[in-house]
Structure formats: structure tokens, C-alpha cells
Amino acid sequence: WNSYGGQLVFDDTLAVSGNPDTNPYSINKPWHGVFYNDFWGAPITSASSHKSYRPLCVLCFRLSRIINEDLLGRDSLDPRIFHAGNIILHTVNSLLVYALYRSILSA
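Nothing here was measured: the structure is a model prediction, and the numbers come from that model.

Draft legend 1. Seen up close, the packing of helix α2 (residues 55-71) against helix α3 (residues 79-106). As a packed pair, α2 and α3 sit with axes 9 Å apart at the nearest point and diverge in direction by 130°. With respect to α3, the axis of α2 lies oblique. Where α2 crosses over α3, the handedness of that crossing is right-handed. Residue-level contacts link C60, F61, S64, R65, I67 and N68 of α2 to I81, F82 and L89 of α3. Of the residues in the contact of α2 with α3, the class split is 6 nonpolar, 2 polar and 1 charged.

Quick look at the structure:
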């Protein structure tokens, strides 16, 4: 929770604003490109690719940018949108693990 008000740091700028796969307005990079590119937006088959394949993470970044730019009308990236998305995802995952735990114990 302490990071909610923090800024984008270290590689966040490259991973979020510098990655064309996270840009919902990129004509050359449609949304399904995340399944063919690495975390940084380079084709996964490229020799220069880091081979870090995280399409769900990149799709979450793209959704956060849509919320940030379209729904909230902000020109710059607001880190709170990305942090709130992470808090929601972690909460949902925790509830799913809890439900799994309960179903295993009750069986």
C-alpha cells in the first residue's frame, strides 16, 4: 500500500511508456501483438529480444493506459492507476488462493 502514491521508477518508463505494445493508439502494434513480442515490445523471435515473455502483464499495462488516458483524460501516465491495478490483481489472486485452500481442506 505504501507504493500507491509513488512514481514510476527504474525500468517502468521503458516497460510502460516506451513499450509500443502498451500504447492503445499504436497503429503498428495491435493489442494481440503482446502474444508475439517480449516484455519490452521486441519480437520474441528477434535476436535482440530478451525473451522475457509476459503478455498478461503487458496487457494490464495497456489497460491501465486506456483507463489513464481515455477514462480519466490524463495526458501523462499517472502511477496511481498502475498501482491501483496491481492492488486489485493481488486482491483477486489472494481471494482465489483462499478459495482453493478452503476447497482443498473441505474435501
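Once you've had a look at it, read on.
Draft legend 2. Structural view of the environment of D38. Here D38 is to be found in the loop between α1 (12-17) and α2. We classify D38 as buried; its relative accessible area is 2%. Along the sequence, D38 and P20 sit 18 residues apart, while their C-alpha atoms lie 11 Å from each other. Not counting residues within four places of it along the chain, the set of residues in contact with D38 comprises D21, I44, S49, H50, K51 and S52. A polar contact of 2.9 Å, which involves the side chain of D38, links it to the side chain of S49.

Calculation notes
Note that residues are indexed from 1 along each chain, following the sequence as it is written. Given that this is a predicted model, residues contribute local features only at a pLDDT of at least 70 and side-chain atom pairs are listed and counted only at 80 or more, while totals for whole chains, interfaces and linings are drawn from all residues. Just so you know, side-chain values use all the structure's heavy atoms and leave hydrogens and water out. Angles run from 0 to 180 degrees between N-to-C directions of axes, and those axes are lines fitted to C-alpha atoms, restricted for helices to the stretch in contact. Going along the chain from the N terminus, every DSSP run of H or I of four or more residues is numbered as a helix, and every run of E of two or more is numbered as a strand. Should an angle lie under 35 degrees it is considered roughly parallel, over 145 roughly antiparallel, and from 65 to 115 roughly perpendicular; all remaining angles are considered oblique. Take the far helix as the reference: if the near one is turned anticlockwise from it by less than a right angle, the crossing is left-handed, and if turned clockwise, right-handed. Every residue pair with non-hydrogen atoms within 4.5 Å of one another is taken to be in contact. Note on residue classes: Ala, Val, Leu, Ile, Met, Phe, Trp, Tyr, Cys and Pro are nonpolar, Asp, Glu, Lys and Arg are charged, and everything else, Gly too, is polar. A 1.4 Å probe rolled over the protein chains alone gives each residue an accessible area, and that area as a share of the maximum for its type sets the label: buried under 20%, exposed over 50%, partly exposed in between. Nitrogen and oxygen atoms within 3.5 Å of one another constitute a polar contact, given that in protein one can donate a hydrogen and the other can accept it, and given that sequence-neighbouring residues count only through two side-chain atoms.

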